[in-house]
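# Overview (structure and organization)
Chain residues, written in single-letter form:
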Amino acid sequence: MMITALTCGFLHHIVPPERINFERLHIFLFNLCSGGTLLVYYTEAQPGLSWRGRLFLIFSVLFAFCAFFQWYYPTIFLSLALAILMEKVRENRFGKGFPLALFTRQEAVMRKFHQAALLCLSIGLALSSLVILNSAYLHLVNIKQLKLDTFFLGFSFPISLISMSVIFSLMKHEKVGITKILKECSFWMINLGVIVFFLFILANMFRAQVAIATALFLTVAYIFWLYWHQGIQLQQKAFLTSGILFLLITSITGIAYILLAMSPYYLPQYSHPLLRLHAFTALYGWNLSGLMVIGRHGDFPLQLHSSKIIGLHWLTVLILCPLGYFFPAFAIAAVFSYALLLYHLLFNKGAVDESLRARQDKQLATDVNNL
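Residues numbered from 1 in each chain as written. Predicted model: local features only at pLDDT ≥ 70, side-chain atom pairs only at ≥ 80, totals over all residues. Heavy atoms only, no water.

## Observations regarding the overall build of the protein chain
Along its length, the protein chain carries 14 helices and zero strands. Listed by position from the N terminus, the elements making up the protein chain come as α-α-α-α-α-α-α-α-α-α-α-α-α-α. Its C-alpha radius of gyration of 20 Å places the protein chain within 12% of the 21 Å reference for a compact globule of 371 residues. C-alpha extents for the protein chain along the principal axes are approximately 60 × 50 × 45 Å. Here the protein chain, with 371 residues, has 50% of them falling under the buried criterion. Taking contacts inside the protein chain between residues at least 6 apart in sequence as the whole, the part at least 24 apart equals 77%. Surface exposure of the protein chain reaches about 17800 Å², of which carbon and sulfur atoms provide 68%. Taking the average location of the 26 positive side-chain charges in the protein chain and that of its 14 negative ones, the two points are 2 Å from each other. (Helix = DSSP H or I, 4+ residues; strand = E, 2+ residues; numbered from the N terminus. Rg over C-alpha atoms; globule rule 2.2 N^0.38 Å. Buried < 20%, exposed > 50% of the residue type's maximum accessible area, 1.4 Å probe, protein only. Contact = heavy atoms within 4.5 Å. Areas by Shrake-Rupley, 256 points an atom, 1.4 Å probe, with all protein chains shown as cover. Lys, Arg positive; Asp, Glu negative; His and termini not counted. Charge placed at Lys NZ, Arg CZ, Asp CG, Glu CD.)

Set out below in structure tokens:
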């Protein structure tokens, strides 16, 4: 499914977007179908995919294709069904009712990010039904930026939040102190910052977008610094550190794109390559790093060369994918490179590296004793 998602991002080389635009499938198959299903799998913490996970996968694929073919009535009902299903998953993990734990200092930041990811996806799915109803049928709210494709990009945010949850779970935990307060501030800055940023997009307020995007970049930079110094030395740290670096590049390219849109140089020959680089680093850089860790959370440490795999990841995302959007030969190379990357990340069946596991267990015990 992830390979198909990337392939759909290059199908404009074969079918003109004016005839069939595969951008929606490109986004849905990765963010909603793959990402949402792995989020359910990680939350339920079962050895295999539960019946809820399988139902979410089936409904999300149906949602993706109904939205792609513009069959909006079934899309509305499927989005509501998916929202209810995701809310049930959240309730089973965090309890029913209003999520008061998000507003208490006693709740660990990693659990806040986890619950926020589930809430974000369920609320996003419910709101998508209203956006579809308004855009396709009622036309009650006429906002230029409130387009279906713009709103659907929000399905990537829950993946970012669950990736943050894993990052904070692999840090040393403090009960008091300035670092704990700053971690709490990071949680609210990321969540409220993205919501406010989206509102500024709808209002077409470019300068405000730059201000919020810069604040988000500084927050991510602080989390990177914190994870670099406080992250427990496990194999996952290399992949997640790489992921945060992708996120920093995503933030920089996002700010650059907004500034470009405010300038007289906002021309396709400049804006289009920058936007593609921004999109690929967000989806297949940062988000894939998080999905890989939650998808194989029970398998670490894996028997693979982390540095080589991370190198292949960066080659694929920063070079092959952006070039592939403009040149068909690079698109073919990007898909093959991406398939090889996914094989090693998600389907490596080799035995775990027992010596690495022993070192990691020893390091984890040391960190716990230090706490």
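Structure shown, so let's carry the discussion forward.
## Here we look at the nonpolar core
Within the largest apolar cluster, 96 residues are counted, with the highest numbers of intra-cluster contacts made by Phe10, Phe30, Phe56, Met164, Ile167, Tyr284 and Tyr338. Apart from residues no more than four positions distant in its own chain, phenylalanine 56 is found in contact with Leu32, Gly36, Thr37, Val40, Leu82, Leu85, Met86, Leu121 and Leu125. (Core = buried A, V, L, I, M, F, W, Y, C linked by side-chain atoms within 4.5 Å.)

## Concerning the packing of helix α9 (residues 206-230) against helix α10 (residues 235-261)
Where α9 meets α10, the axes come as close as 10 Å, and the angle between the chain directions of the two elements is 165°. Our classification of the angle between α9 and α10 gives roughly antiparallel. Between α9 and α10 the crossing geometry is left-handed. Looking at the contact of α9 with α10 residue by residue, the class counts come to 19 nonpolar, five polar and one charged. (Axes fitted to C-alpha atoms, helices over the stretch in contact; angles between N-to-C directions. Parallel < 35°, antiparallel > 145°, perpendicular 65-115°, else oblique. Left-handed = near helix turned anticlockwise from the far one by under 90°. Nonpolar A, V, L, I, M, F, W, Y, C, P; charged D, E, K, R; others polar.)

## Quick notes on the state of the cysteines
Here a disulfide denotes a covalent bond joining the sulfur atom of one cysteine to the sulfur atom of another. For the structure shown, the criterion picks out zero disulfides. Cysteine 120 forms no disulfide, and the closest cysteine sulfur to it belongs to cysteine 33, at a distance of 16 Å. Between cysteine 321, a cysteine without a disulfide, and cysteine 8, which holds the nearest cysteine sulfur, the sulfur-to-sulfur distance is 13 Å. (Disulfide = S-S within 2.5 Å.)

## Some words on the packing of aromatic side chains
Considering all chains together, one arrives at 22 aromatic pairs under this definition. Where phenylalanine 28 meets phenylalanine 63, the ring centres are 5.4 Å apart and the plane angle is 70°; that geometry is what we call edge-to-face. Of this pair, phenylalanine 28 sits in helix α2 (residues 23-44) while phenylalanine 63 sits in helix α3 (residues 51-68), and the two are 35 residues apart along the sequence. A relative accessible area of 0% places phenylalanine 63 in the buried class. Ring centres 5.9 Å apart and planes at 10° place the aromatic pair phenylalanine 98 and phenylalanine 103 in the stacked group. (Phe/Tyr/Trp six-rings, centres within 6.5 Å; stacked < 30°, edge-to-face > 60°.)

## Concerning helix α5 (residues 109-138)
The terminal C-alpha atoms of α5 lie 40 Å apart, and with 30 residues this matches the ideal 44 Å at 1.5 Å per residue to within 8%. At the exit of α5 stands histidine 139, carrying a positive phi of roughly 55°. (Expected span 1.5 Å × (residues − 1).)

## As for the pattern of salt bridges
Think of it this way: side chains of opposite charge can pair up when their charged atoms draw near. Inspection of the entire model under this criterion finds five salt bridges. Across the salt bridge formed by glutamate 23 and arginine 276, the nearest N and O atoms sit 3.9 Å from each other. You can see glutamate 23 sitting in helix α2 and its partner arginine 276 sitting in helix α11 (residues 268-295), a full 253 residues away along the chain. Measuring nitrogen to oxygen at the nearest pair gives 2.6 Å for the salt bridge that ties lysine 112 to glutamate 184. Here lysine 112 is found in helix α5, whereas its partner glutamate 184 is found in helix α8 (residues 178-203), with 72 residues between them in sequence. One network of salt bridges, in which partners are shared, links Lys112, Lys180 and Glu184. (Salt bridge = Lys/Arg side-chain N within 4 Å of Asp/Glu carboxyl O.)

## Some points on α11
Under the 1.5 Å per step criterion, the end-to-end length of α11 is 37 Å for 28 residues, consistent within 8% with the ideal 40 Å. The largest bend along α11 reaches roughly 40° and is located at leucine 288. (Bend = angle between axes of the 7 residues up to and from the residue.)

## Things to note about unusual backbone geometry
One non-glycine residue, glutamine 70, lies in the positive phi region at around 60°. By the element assignment, glutamine 70 lies in the loop between α3 and α4 (72-94). At asparagine 204, a position not held by glycine, the phi torsion is positive, near 60°. Of note, asparagine 204 is situated in the loop between α8 and α9. By relative accessible area, which is 41% here, asparagine 204 ends up partly exposed.

## Let's talk about a nonpolar patch on the surface
On the surface, Tyr73, Leu133, Tyr137, Leu138, Leu140, Val141 and Ile143 cluster together into a nonpolar patch covering about 640 Å² of accessible area. Per element, the largest residue contribution to the nonpolar patch is three residues, and it comes from α5. Locating tyrosine 73 in the fold gives a position in helix α4. (Patch = residues over 30% accessible without salt bridge, like charges linked within 9 Å, V, L, I, M, F, W, Y side chains within 5 Å.)

## A word on the environment of alanine 279
Assignment of secondary structure puts alanine 279 in helix α11. Under the relative-accessibility criterion, alanine 279 is labelled partly exposed at 23%. In the structure, alanine 279 is positioned 25 residues away from glycine 254 in sequence and 9.1 Å away in space, judged by C-alpha atoms.

## Some details on the packing of α10 against helix α12 (residues 306-326)
Where α10 contacts α12, the axes come no closer than 10 Å and their chain directions differ by 20°. The pairing of α10 with α12 is recorded here as roughly parallel in orientation. Every pair of crossing elements has a handedness; the one defined by α10 and α12 is right-handed. Two secondary-structure elements touch here, α10 through Gln235, Ala238, Phe239, Ser242, Leu245, Phe246 and Ile249 and α12 through Ser306, Ile309, Ile310, His313, Trp314, Val317 and Leu318. Taken together, the residues that form the contact of α10 with α12 break down as 10 nonpolar, four polar and no charged.

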